[in-house]
Amino acid sequence: QVQLVESGGGLVQPGGSLRLSCAASGTIFSINAMAWYRQAPGEQRELVARITSGVTTAYADSVKGRFTISRDNTKNTVYLQMNSLKAEDTAVYYCNAVLKTTQWRPPSDYWGQGTQVTVSS
């Protein structure tokens, strides 16, 4: 079994910062990529940022220059540093990992339970 556990969400004022963390644990052979998605009320889930095992990153246009994704492969952990937060960043943020549990199985998607980020004065 694989678990993704997120932490770091909360309430922050506009212009503030938060750092999200997501640790993957369980039977993990290798992690291809890790990512953060978010879903606001009434909206579809959208990709926020993604990082591959080779440390290639990609960001949604709406967060470029404000958010930074990074990972610690020794801890199977991904981080999302969020600066200059705006009200429109309010959403539930979900961690995603594409990983293999054994060398013989193809990679599969795993999701965390989500953490609420609220940007409000």
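Treat the numbers as computed from the prediction; the structure is a model and nothing was measured.

A. Broad picture of the environment of tryptophan 111. Turning to its location among the elements, tryptophan 111 is positioned in strand E10 (residues 108-111). The class of tryptophan 111 is partly exposed, set by a relative accessible area of 38%. In this structure, the C-alpha to C-alpha distance between tryptophan 111 and leucine 47, residues 64 residues apart in sequence, is 13 Å. Ignoring sequence-local partners within four residues, the contact set of tryptophan 111 consists of Leu4, Tyr37, Arg45, Tyr94, Cys95 and Asn96.

B. The packing of aromatic side chains, seen in detail. Per the counting criterion, the structure on display carries one aromatic pair. Lying over the aromatic face of tyrosine 79, arginine 19 brings its terminal NZ or CZ to 4.1 Å of the ring centre. A cation sits over an aromatic face here: arginine 45 above tryptophan 111, 4.8 Å from the ring centre.

C. Quick peek at the nonpolar core. Trp36, Leu80, Met82 and Tyr93 are the most contacted members of the largest nonpolar core, which totals 28 residues. Listed by contribution, the elements that provide at least two residues to this core are strand E1 (2-7), strand E3 (18-26), strand E4 (30-39), strand E5 (46-52), strand E7 (67-72), strand E8 (77-82), strand E9 (91-100) and strand E11 (115-119). Here this core takes five residues from E9, the largest share from any one element.

D. Up close: the side chain of glutamate 6. Secondary-structure assignment places glutamate 6 in strand E1. Here glutamine 113 takes part through its backbone nitrogen, which lies 3.1 Å from a polar atom of the side chain of glutamate 6. Engagement of the side chain of glutamate 6 in a polar contact is seen with the backbone nitrogen of glycine 114, the distance being 2.7 Å. Those residues within four positions of glutamate 6 in sequence are excluded, and the remaining contacts are Ser21, Cys22, Trp36, Tyr93, Tyr94, Cys95, Gly112, Gln113, Gly114 and Thr115.

Definitions and cut-offs
- Residues numbered from 1 in each chain as written.
- Predicted model: local features only at pLDDT ≥ 70, side-chain atom pairs only at ≥ 80, totals over all residues.
- Heavy atoms only, no water.
- Helix = DSSP H or I, 4+ residues; strand = E, 2+ residues; numbered from the N terminus.
- Buried < 20%, exposed > 50% of the residue type's maximum accessible area, 1.4 Å probe, protein only.
- Contact = heavy atoms within 4.5 Å.
- Phe/Tyr/Trp six-rings, centres within 6.5 Å; stacked < 30°, edge-to-face > 60°.
- Lys NZ or Arg CZ within 6 Å of the ring centre and 35° of its normal.
- Core = buried A, V, L, I, M, F, W, Y, C linked by side-chain atoms within 4.5 Å.
- Polar contact = N/O pair within 3.5 Å; in protein donor to acceptor, adjacent residues only side chain to side chain.

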